[in-house]
Each structure stands twice: as structure tokens, then as C-alpha cells.
Amino acid sequence: MADVAAGGVVGAAFGEGFAILHDTVKHVAGQIIMFKSQLKRLESTLDGVAPTVREIKELSQALHFPEKETQSLIEQMEEGKELVLKCSKIKRWNWNYCVKAYSYSNKLSKLNRAIEKFCQVNLMVQNTRNGLETLTLVSQNTEIGLKTLTGVNQNTSIGLDTLAEVNHNTMIGLETLAEVNHNTRIGLEALAELNQNTTIGLETLADVNYTTRIGLETLAEVNHNTSIGLETLTEVNENKRTLNRLLKHVESQNLDMKTKYGTFSCAVPKLRDYIVGFDLHLKELKRELLKEEVSVLIVTALGGCGKTTLVKMLGWDEEIIGIYGGNIFFVNVSKTPNLKVIVQNLFSYNVDGCPEFQSDEDAINQLEQLLNQIGQPILLILDDVWPESESLIDKFKFNIPNYKIVVTSRKAFSRFKFRFKLNPLDHEDAMKLFCHSASMQDGSSYILEEDIEKIVRYSGGLPIALEVIGGSLCGQPVEVWQSKVMGWSEGHSIFDSDNEVLARLQKCLEFSADKIILKEYFMDLGSFPEDQRIPATALIDIWTELHEPSKNDVHAIANLHELNSRNLASLVMKRKDAEEVSYYYNEEFVTQHDLLRELAIQLSSQKPIIERTRLIVDIRENNLPDWWMKPQLINARLLSISTDELFSSSWCNIQAPEVEALILNFQTRNYTLPEFVKNMVKLKVIIVTNYGFFPVELSNFQLLSSLPNLKRIRLEKVSISSLCNTLVQLRSLKKISLFMCNIGQTFGNSTIQVSDSFPNLMEINIDYCNDLVELPAWLCEFLHLKKLNITNCHKLSELPEEVGKLVNLEELRLRSCTELSELPKSIRSLNKLRILDISDCLSIIKLPKHIGELHKLKELHMKECLRLRKQLPSSITDLKQLRLVVCDEERAKLWGPFEEFFSNLKVTVAKKDINLNWLSKS
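Residues numbered from 1 in each chain as written. Predicted model: local features only at pLDDT ≥ 70, side-chain atom pairs only at ≥ 80, totals over all residues. Heavy atoms only, no water.

*Asks:* In this structure, what is going on with the sheet that holds strand β1 (residues 296–300)? I would like to understand it.
*Replies:* Strand pairing in a sheet relies on backbone hydrogen bonds, with the paired strands running either antiparallel or parallel. As summarised here, the arrangement of the five strands in space is β2-β3-β4-β1-β5, forming an open sheet in which the pairing is parallel. Each edge of the open sheet carries a strand with a single partner, namely β2 (328–334) and β5 (419–421). Between one strand axis and the next, the sheet turns by 20 degrees as a mean value, whatever way the strands run. With six bridges joining them, β2 and strand β3 (residues 378–385) adopt parallel strand pairing. Counted as the bridge partner of Phe 329 is Leu 380 from β3. Contacting β1, β2, β3, β4 (403–409) and β5, helix α6 (residues 307–316) runs over the sheet at an angle of about 155 degrees to β4. (Pairing = 2+ DSSP bridges. Helix = DSSP H or I, 4+ residues; strand = E, 2+ residues; numbered from the N terminus. Axes fitted to C-alpha atoms, helices over the stretch in contact; angles between N-to-C directions. Contact = heavy atoms within 4.5 Å.)

Next up, the structure:
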């Protein structure tokens, strides 16, 4: 131990001496020019052995370093420190400068060699010796360990033998004990049986005595209770009279309070006895509400879908009550809300007494203080918020942690991020609700299940319709049921027999004065067949020309979104990539609940035929309505005629000079435009739609030449061979749309100057016309054309060079023309082009070299152009007005080198979207 301690001291001294010398050399090495080379060598040597010195210092506590091996080097390093300091003090002008310089230089070299020798030889020998000593010590310890292990093994063997003997004796003892227990148990069982018989005898005797005593006591108690009962009855009657007087007083006070403050309970109303089909909706609603980021949640649906029922269930849900406790407030807002009264109700629900508010602002400020005092968390349910009261929601928003608002409304307020749309009941739940409402469980087995199914389908899954219709049929004879079903089957409206449903749904159409035009838009939706998707552009054409002719399409589009947000129609959006400067809705469709369509037709049909501004006619086979057979003038501005597959196009003449929008829906294999069309001199829009599967020939197209005000034509699934071979002068025509039409042969065989027939044409839309292989050159002669949209024409392989003549063109869309291999060079001449869309053009390899000459270009759509992999042309940097590029990830990389040239460019990577919403509904 003494040697180890000594070694530790030596090691520490060695390390300390080395560190002092090392620091001294580093400090003066760069300052002394005369000894610079010697000091640098010495510094290098010290740097090299520094790790070894640190090892010596760390291991000196465990390894023995003899003093004689390191003491001389320690002394040399101390002398070396003094030597280095002397070197730093020598002056060139001293008389003995050369002698000292020579002497000091030799001593520095000698010190360097001594340190190198110690590290190379002495330490190596010392490390070898230490290794051998360590090995010897390990061997000794190993021998001791083996001897100890042998002793342990011997003791273990003895222990195991002893344990085996103990186990044997224990087993014998256990067998003996088991035999004793068995004999003892037999004796105890015999004794227990004897005790039991004795106990039973004693208990029987006691029961007889007890029963006799109880009988006597009961008789006395009955007599006593009879006397008390008579006295109590007298007292109850007196209390009842007093309670009635008190209740009348309380009701009088409540009436005064309600008159002053309104209904003051903000508790969640009780639920109805029977609710079906809402469990899944409740689960989804709770999941949305409990998200941390949700502060305002809008529950939206058509009137009568059960929004209020759903939020009542939310308020009574055990999980929600467990979170919010008594801090759940339910407020019915209604059509004309009074903010101060609402706040007063909230106050009266939580505190004694209610303050008078000076203003709405004062009421909201005091409410915020109240909610802060109540504590967290808080749930406020605002039920039945009308579209005109949207700003009311903001007034109840406070910066309070764990404070949430749930709003029910017929309108999906779009500026609130989190919305929950409640859909009508599915068929199974609708059947359950109807059968309950009609009391079918009381034994109405005489009603055919087929009739029940039809009624439920006509109700469209709306809870209000199911309840009202079910209630009206409850207890009715089977003939009443059958009559109702037959009436609906023959085309009669559900509202003809159920005015309550009509009245409830009409509330959905109560608009403010500045939104009353929406009712007209809504009623126009009834012009299209049931269960069919309505092209958004068809509605936009009709609405713009009928209701807002002085404005462009953007106003009609805004109102379409308004109807969608109010759940009066559903806008099916196909495109997912946003556009900044265009209003492209060619791929969007509108759907509508069947009952809403019925409502639109019902409202349009309330006046006599001659007075209606909107006339909707549904012809089955060749059965024209009675009024059609009588000569009379029709004053409708919109005329919709739908025919089935058995109609023979045998039209009777009618006079409809006021018609501005004509909608023709048919399913026959051939269709002839009716002769009376030529007399519709005010006609602005014609929509012709074939709801059959294949395109059919449209005849009498030349009749349109007599219509001086016709501005928009939309044709779907028709062949129009006469369009380009018959002189049809349409000088007012501005827009023509062809969807899924056969036009390839028509365009290729044109024999007339088509541009002369449509001199003011500004927009052409060609979509899903699969026989279009080559765009005819004459199509580029419409010099006023602003929009050319040729989309989903998969066989179109090239565009004519004459495209460059369309100098007024602002939009060019070639979306999903998969065979199109390149854009013509003449595209550089389209100086007014703002939008270019070549998305999903799989065969395009490169962009035109001079695309940079499109100086007005703002949007470029090029997603999924899979073969476009080459570097973009350098002229791309000249597109100074380019603001938006929509592409996929691979095409986005092509824009990387050019981003520095654009200060306001946004390159957006569009998500892949596989969508078949464009397909017709069968």
C-alpha cells in the first residue's frame, strides 16, 4: 500500500511538472525568435506525449511507478521551465549574448531528447513490467477463486443431500397428517348433523311463539295507523289547497319575470322519448368538439334533419357532463334574437338577480366577467342561429381557456373552420322512425311492407317528414295508405297532402331583403330531373341571364355557394387545385335532396299556368298536360320540359314569347327541337340534355337561327351533324358548351364559314367529346374568343398552328387531353392569355420555346404531365406577371432554378385526386 501511495505521489508530481513546462513553452514559443526552432520542437514533443502524461496521472493510484525512474525527469522538467524563462529574458545587446544563446540552445535540445527517450524507452519498459505485475496478480486471484469455488461446490453437494432427506421426511409427515385430517372431518360432520337437528327443533318452537306475538302487535298497529291515516288525509287536503295557492303565486311571479327577461332557464331541454339514428352522429360530434383546437363548432343541416335533437343529446351525454359539469348552457337564438335578453337568461341561470344592461356591448362585457367567475370548462350551445345572425356568434367568443361554443344553423357559416354536417337518416333508421310515428308496433300488420317502403323513400330520410307523415297515417285504414302511395306514384307532390311538412320546410326559404334573390335561384333547381346531377355551369348560365344579366358569372357563382352553405343544394367539387383569377366550374355539379326539389316545384306551381314565371312540365310517354291542348299564352320566363324514353317528339304548338331560359331534358334515341322554339324571340339560354346512355341525333337545330337574343347554348350527349353544315345565324351567341357530344365528324366536314354564323362568340367549352381527334382550323377564326376550354378529349392529338390567330384569347384549357403531344409554336402570339392549363396531358414533352412571350400569363397548370421532364425553356423568366403554377412534385423541381427570377410566384403541388363525380347518375 505504501508503494502504491508513493507511486500516486510521484505520478501527480510528474504530471504537475509536465503541465507547468508545457504551458511555459506554449507561452514563449512564438515570442523568442532566437530559440524559435528549438522551442517549437520541444512544444511538438510535449504535445505528442501529453496524452501519455494524462494516463500516468490517472493510473498512478493503481499502478506502481518507482521514484527513481521518474524523479530525474521531474527535476529536468523543473530546470527546463527555468531554462525557458531565461531564454525569454536574454537580450541581443548583452556582451555575452552569443555564449548564453549557444549554451541555452544546447540545454533545450538536451531536454527535448531526455523527454523523448523517457517516453520511448523508460515508459515502454515500465508499462511492460506493470503489465507482467498485473498478470501475476490476476493469476493469483484466479487461483484463490478456483479454490473458493471448489469449497462452494462441496458445500452445495452436502446441502443437496440434506435437502433430499428433509423432503423425504416431510412427505411421510404430510401423508400422516392427511390421514388424521380425514378421520377428524368424519367426526366433525357427524357432530354437525346432530347439532343441526337440535337447532331446527328449537328454531321452529321460537318461530311459533314469535309469529303469535307479531300477529297481536300488528293488529294493534293497524288500528292505530287507521286513526292516524284519517287525520293525515285531512291534513293533506288542507296542504294541497295551500300549495295550489302558492303555485298560482309563483306562476304569477314567473310570468312577470318572463315578460321582463324572457324564458330564463338556460338548462339543456329534455330529450324526446324516442330517438333513432343519432348515436353515430353524436359520437362523431363529440370527437370533433373535444379536439383541442376547436373553439366554435357549427352543426349544420337542412331544416327538419334533427340538429336541435343532436345538440340536446350532446348536452345530456354522460361524457360531456363529466367534463363540463353544470357549466353547459343552452340558448335558443331563433330568427330575431335579442342579445340583452339572451345574456339576462344566462345570468338568471347562474346567479340570484339579474342586472339591467345599458347596451348590447355592456351585456357582453358583463357576460365575459360572469363566465370568468364561473370557472372552467364551459360549453355554450347556441341553437337555431339564422344566416342573418352570423355576427352574433362572434359576440359570444371570449378568450377563456376550455370555453367552447356549439352552434346549430341551416347555414354552414364558411368562415368558421370547424363544421359538422348532419345528413338525413339512412333507410333502416328512417323505417324505424316512421313505424314509431305511425304506431306500427300497435298492430298495423294489414299495411303492406311495400307501401311502407315507398312512403319512407318519398320522405327522403328527413325526420320531420317521417314524423308528420307517419303521424297523419296513424290508425288510418289501409285504403288511405294506398291512396297516398298511388298519388305520389302518379306524380302528385308530397306537399299536396301534408301541409305541415311544406310549412316546416318553407322556413328554410326565409331570406333577408338583400338575399331574397336566393329564393328564385332555389326554385330554378326544380327545372332538372329528379336524382340527376345538375351541371354547375348550366345553372350559372341560367341564373346570370335570368336574374343578373348586367353582371358577369361571378355573382351567380357566389349565390351558388350561398345555397350550398344553407344546405339548400350540395355543390360537388371535382377540382382540388385552387385558382386565383378564374371562375372555372365546368367540372362541378350540384345535387339536391328530393324533398327540396319537390318544394321548389311546389312553390313554382302555386299560381295558375298563365301567371307562372317558371313553368316545369314533366311528360310521360305522349301524355301532354291538359292545359297544353288548349290555346293559351304562356308568360313564363323559364320553361323546363322533361320527357321519358317513350316520348315520340310529337309536339303541340304553344305560345311562349316571354321565355328567356329553355331547358329540355329527354331520354329518347332521337330528339327533335319543338317548332314553337322559333317563336321564343326573348330566349337567351337553351340547355338540351340527353339522360340516356349514348349520344343521339338532335334535329331541327336550324330553328335557333330565328332567335335574335340567344346568348348561351349547352348540349349534352347529342350529335349535331347539321351544326356546321347548315347556315345557322346566331349573331348574339356568346357561349357554346358541348359535353359528351359526337362532334368529330361534324367539325371535320364543315362546308360553311362557321365564324360568320357566330361573329360574337366569346367562349367555347368542349368536354369529354371522345371522337374529337383534330381541332379544325376554322375554329380559330372566332376573333372575339376569350375562352377556349377543350378538356378530357382523349383522342385529340394536335392543335392547328392557326391558334395564334386568337389574339383576344384569355383562357386556354387543354386539361386531360392525353394524346396531345405538343403546343403549337404560334401560341406565342396569344398576348392576352392569362391562364394556360395543360394538366394531365400525358404526352406533352416540352413547353414551347418562346412561352416567355405570353407576357399577361398569370396561371399555369401543369400537374401530371408525366413526359415533361426536360428543363423549362429559358424564356420562362420573361413571364413577369406569372403568379401561380400548379403542378406535381416532379414538375415542381423543374421550377427550382427559376424561382429567383420571380418575386411573387407561388408554386403549388396539387394532391392526386381520383374522382368520378362527373359520371351521370344512373
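That covers the picture; the talk isn't over yet.
*Asks:* It is not clear to me how the sheet that holds strand β7 (residues 570–572) should be interpreted in this structure. Could you clarify?
*Replies:* The strand order β6-β8-β7 describes an open sheet built from three strands, whose pairing is antiparallel. Every interior strand has two partners, whereas the edge strands, β6 (534–535) and β7, have only one. Pairing analysis gives two bridges linking β6 to strand β8 (residues 589–591), with the strands arranged antiparallel. Pairing of Pro 535 across the sheet is with Phe 589, part of β8.

*Asks:* Looking at this model, I keep getting lost on unusual backbone geometry. Mind explaining?
*Replies:* Leaving glycine out, the prevailing phi sign among residues is negative, and the prevailing peptide bond configuration is trans. Residue Asn 700 is not a glycine yet carries a positive backbone phi of 70 degrees. Looking at the secondary structure, you find Asn 700 in the loop between β14 (696–699) and β15 (712–716). Judged by relative accessible area, which is 17%, Asn 700 ranks as buried. Although it is not a glycine, Tyr 768 sits at a positive phi angle of roughly 55 degrees. Inspection of the secondary structure puts Tyr 768 in the loop between β18 (763–767) and β19 (787–791). (Buried < 20%, exposed > 50% of the residue type's maximum accessible area, 1.4 Å probe, protein only.)

*Asks:* Just to check I follow, could you spell out helix α9 (residues 360–374) for this structure?
*Replies:* Between its first and last C-alpha, α9 extends 21 Å over 15 residues, near the 21 Å set by a 1.5 Å rise per residue. Taken as a whole, α9 has its buried residues at Ala 363, Ile 364, Leu 367, Leu 370 and Leu 371. One side of α9 holds all its buried residues, which, seen down the axis, span an arc of 120 degrees. For α9, the exposed residues lying more than 90 degrees away from the buried face are Glu 361, Gln 369 and Gln 373. At the exit of α9 stands Gly 375, carrying a positive phi of roughly 105 degrees. (Expected span 1.5 Å × (residues − 1). Arc of directions from axis to C-beta.)

*Asks:* Would you mind showing me how to read a positive patch on the surface here?
*Replies:* Together, Lys 86, Lys 107, Lys 110 and Arg 113 give the surface a local cluster of positive charge. Using a relative accessible area of 44% as the deciding quantity, one classes Lys 107 as partly exposed. (Patch = residues over 30% accessible without salt bridge, like charges linked within 9 Å, V, L, I, M, F, W, Y side chains within 5 Å. Areas by Shrake-Rupley, 256 points an atom, 1.4 Å probe, with all protein chains shown as cover. Salt bridge = Lys/Arg side-chain N within 4 Å of Asp/Glu carboxyl O. Lys, Arg positive; Asp, Glu negative; His and termini not counted. Charge placed at Lys NZ, Arg CZ, Asp CG, Glu CD.)

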